[in-house]
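# Examining the three-dimensional arrangement
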Amino acid sequence: MTVHIRPLHPMFCGEVEGVDMKHPLNPDEVAAIEAGMDEYGVLIFHNQDITDEQQKAFSRNFGPLERPGAVSNITKEDERRLDPLMADVSNLDRHHKPFRADDRKRMFGLGNRLWHSDSSFRAVPAKYSLLSGRIVTSEGGNTQFADMRAAYNALDEKAKAEVEDLVCEHSLLYSRSKLGFEGLSAEELANFKSVWQRLVRTHPVTGRKSLYLSAHAGTIVGWQVPEARIFLHDLTEDATRSEFVYSHKWCQYDLVVWDNRQVMHRVRRFNDVEEVRDMRRTTVAGEEMTVEQAA
Ligand code: OGA
Ligand code: MN
């Protein structure tokens, strides 16, 4: 089968035909998908009724997988529903039942409703995320993507010069404190130690620049915190205006891949106390830090 990509938006996002993730891909197919990712930032594949093993195998075509673990969530190993390489983005506990309304893990998961880039809180942040919709909602729960290359391009020359060399501090603490999530244990606090990321990234293949924003960014190195926060807040508001956003309404067995180096994403509200939304993510690790880390 040949890989065919149809654009879904004037700037980014494509819909792919000619791929069946139940079977190994040949090098030409992998290359066509990678090239599509470089160009579109987000690719949507339909009708991929796959197992976790098939999802991991497909994902590994693009690099080694990130292991979610305690640096990315408050879920303990013995509370996990899925295997250690699958990020559980569902609203389900390990007995496959929706979290109770007051469950701490549910509160933590609400952070995905803020615009973010996956694993921007790791010194080497993620390359791709691959999200499989095993059970999708009847209403709500769309995933939105915002093109951070377009957002960068839209800055005027003065603003581009201002952001060029800025370095932000990222941590899960920052995104969760935006929601008023509190009561982290000493161990959780230690896991969520902040890292540094450049605010302007250059894509390793296309050379295109993008704004590396994320809800996990809590301050700018060398700035006063309130000034940094309002600066990042304003930039994020401009970067996520409707012309840069694509909203994906899920069908069961869609698999969506996004390049965390070029786009941000968020999930929209749904009735997560009553409806089941079983979403499973694999994450392809990034290849390098965006900036040397603080000593
Ligand atoms: C993710 C995420 C959004 C969603 O998987 O990283 O933010 O739609 N998910 O569940
Ligand atoms: Mn995410």
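Residues numbered from 1 in each chain as written. Chains lettered and ligands numbered in written order. Predicted model: local features only at pLDDT ≥ 70, side-chain atom pairs only at ≥ 80, totals over all residues. Heavy atoms only, no water.

Next up on the list: the coordination of the manganese ion (ligand 2). The manganese ion (ligand 2) binds to the protein through His-116 (NE2), Asp-118 (OD) and His-265 (NE2), with metal-donor distances spanning 2.1 to 2.2 Å. For the manganese ion (ligand 2), all donor residues lie on one chain, and their spacing in sequence is H-x1-D-x146-H. Taken together, the residues span a long stretch of sequence, with Asp-118 in the loop between helix H3 (104-109) and strand S5 (128-135) and His-265 in strand S14 (residues 263-267) at a distance of 147 residues. The residues Asp-118 and His-265 share a single accessibility class, namely buried. (Donors = N, O, S within 2.8 Å, 3.2 Å for Na, K, Ca; no water. Helix = DSSP H or I, 4+ residues; strand = E, 2+ residues; numbered from the N terminus. Buried < 20%, exposed > 50% of the residue type's maximum accessible area, 1.4 Å probe, protein only.)

Here we come to the nonpolar core. Of all hydrophobic cores here, the largest spans 24 residues; its most connected members are Met-148, Val-163, Leu-199, Leu-211, Leu-213 and Leu-235. Put simply, the parts of the chain that give this core at least two residues each are helix H4 (148-153), strand S11 (217-220) and helix H8 (225-239). Here this core takes 5 residues from H8, the largest share from any one element. Core analysis: the second largest hydrophobic core is formed by 21 residues, Val-16, Phe-62, Leu-85 and Tyr-128 among them. (Core = buried A, V, L, I, M, F, W, Y, C linked by side-chain atoms within 4.5 Å.)

Attention now goes to the packing of aromatic side chains. Applying the stated criterion across every chain yields a total of 7 aromatic pairs. With a centroid separation of 5.4 Å and 75° between ring planes, the pair formed by Phe-58 and Phe-62 is classed as edge-to-face. Neither Phe-58 nor Phe-62 differs from the other in exposure class; each is buried. An aromatic cluster is built from Phe-45, Phe-58, Phe-62 and Tyr-128, whose rings are joined through pairwise contacts. In this arrangement the basic side chain of Arg-176 is found over the ring face of Phe-108, its NZ or CZ atom lying 4.2 Å from the centre. One residue, Arg-201, lies across the ring of Tyr-212, its end atom 4.4 Å from the ring centre. (Phe/Tyr/Trp six-rings, centres within 6.5 Å; stacked < 30°, edge-to-face > 60°. Lys NZ or Arg CZ within 6 Å of the ring centre and 35° of its normal.)

According to the stated counting rule, one finds 1 cavity of 30 Å³ or more in the structure shown. As for the largest cavity, its lining consists of Thr-137, Gly-140, Gly-141, Asn-142, Lys-249 and Trp-250. Taken together, the residues that form the lining of the largest cavity break down as 1 nonpolar, 4 polar and 1 charged. (1 Å grid on protein atoms, 1.4 Å probe; cavity = no way out; pocket = protein on both sides within 12 Å on 5 of 7 lines; lining within 4 Å. Points joined across faces, edges and corners; volume = space filled by probe spheres on them. Nonpolar A, V, L, I, M, F, W, Y, C, P; charged D, E, K, R; others polar.)

Time to look at the site of ligand 1. As a matter of local geometry, ligand 1 sits amid Val-89, Asn-112, His-116, Asp-118, Leu-131, Thr-143, Trp-258, His-265, Val-267, Arg-277 and Arg-281. Here an oxygen atom of ligand 1 and a side-chain polar atom of His-116 are 3.1 Å apart. In this structure, an oxygen atom belonging to ligand 1 sits 2.6 Å away from a side-chain N or O atom of Arg-281. In the complex, 99% of the free accessible area of ligand 1, which totals 290 Å², lies under the protein chains. Class assignment for the residues of the shell around ligand 1 results in 4 nonpolar, 4 polar and 3 charged. (Near = heavy atom within 4 Å. Polar contact = N/O pair within 3.5 Å; in protein donor to acceptor, adjacent residues only side chain to side chain. Areas by Shrake-Rupley, 256 points an atom, 1.4 Å probe, with all protein chains shown as cover.)

Read from one edge of the open sheet, 7 strands run S1-S2-S3-S13-S5-S15-S4, paired in mixed fashion. Each having just a single partner strand, strand S1 (4-7) and strand S4 (87-88) make up the two edges of the open sheet. The pairing of S5 with strand S15 (residues 278-283) spans 6 bridges and is antiparallel. Paired with Ile-135 across the bridge in S15 is Asp-278. Most of the contacts of helix H1 (residues 27-40) go to strand S3 (residues 42-45), to which it runs at about 130°, and overall it touches S1, strand S2 (14-17), S3, S5 and strand S13 (255-259). (Pairing = 2+ DSSP bridges. Contact = heavy atoms within 4.5 Å. Axes fitted to C-alpha atoms, helices over the stretch in contact; angles between N-to-C directions.)

This part covers the layout of surface pockets. The volume enclosed by the second largest pocket comes to roughly 360 Å³. Every residue lining the second largest pocket is counted, 16 residues in all, and those nearest its centre are Lys-178, Ala-215, Leu-232, His-233 and Thr-236. Where the lining of the second largest pocket is concerned, the elements lending two or more residues are S11 and H8. Ranked by the residues each element gives to the lining of the second largest pocket, the list is headed by H8, at 5 residues.

The element helix H2 (residues 52-59) is largely enclosed, with a buried count of 6 among its 8 residues. Looking only at H2, the buried set comprises Asp-52, Gln-54, Gln-55, Lys-56, Phe-58 and Ser-59. Residues of H2 that are buried sit in contact with H1, S3, S5, S13 and S15.

Attention shifts here to the pattern of salt bridges. As enumerated under the stated definition, the model contains 24 salt bridges in all. Its salt-bridge partner being Arg-100, residue Asp-102 comes within 3.3 Å of it at the nearest N-O pair. The burial state of Asp-102 is the same as that of Arg-100; both residues are exposed. With a closest N to O distance of 2.7 Å, Arg-106 and Asp-272 form a salt bridge. Remark: Asp-272 occurs in the loop between S14 and S15 and Arg-106 occurs in helix H3; sequence separation between them is 166 residues. For the residue pair Arg-106 and Asp-272, the accessibility class agrees, reading buried in each case. Among the charged side chains, a salt-bridge network with shared partners connects Asp-52, Arg-81, Asp-88, Arg-134, Asp-278 and Arg-280. (Salt bridge = Lys/Arg side-chain N within 4 Å of Asp/Glu carboxyl O.)

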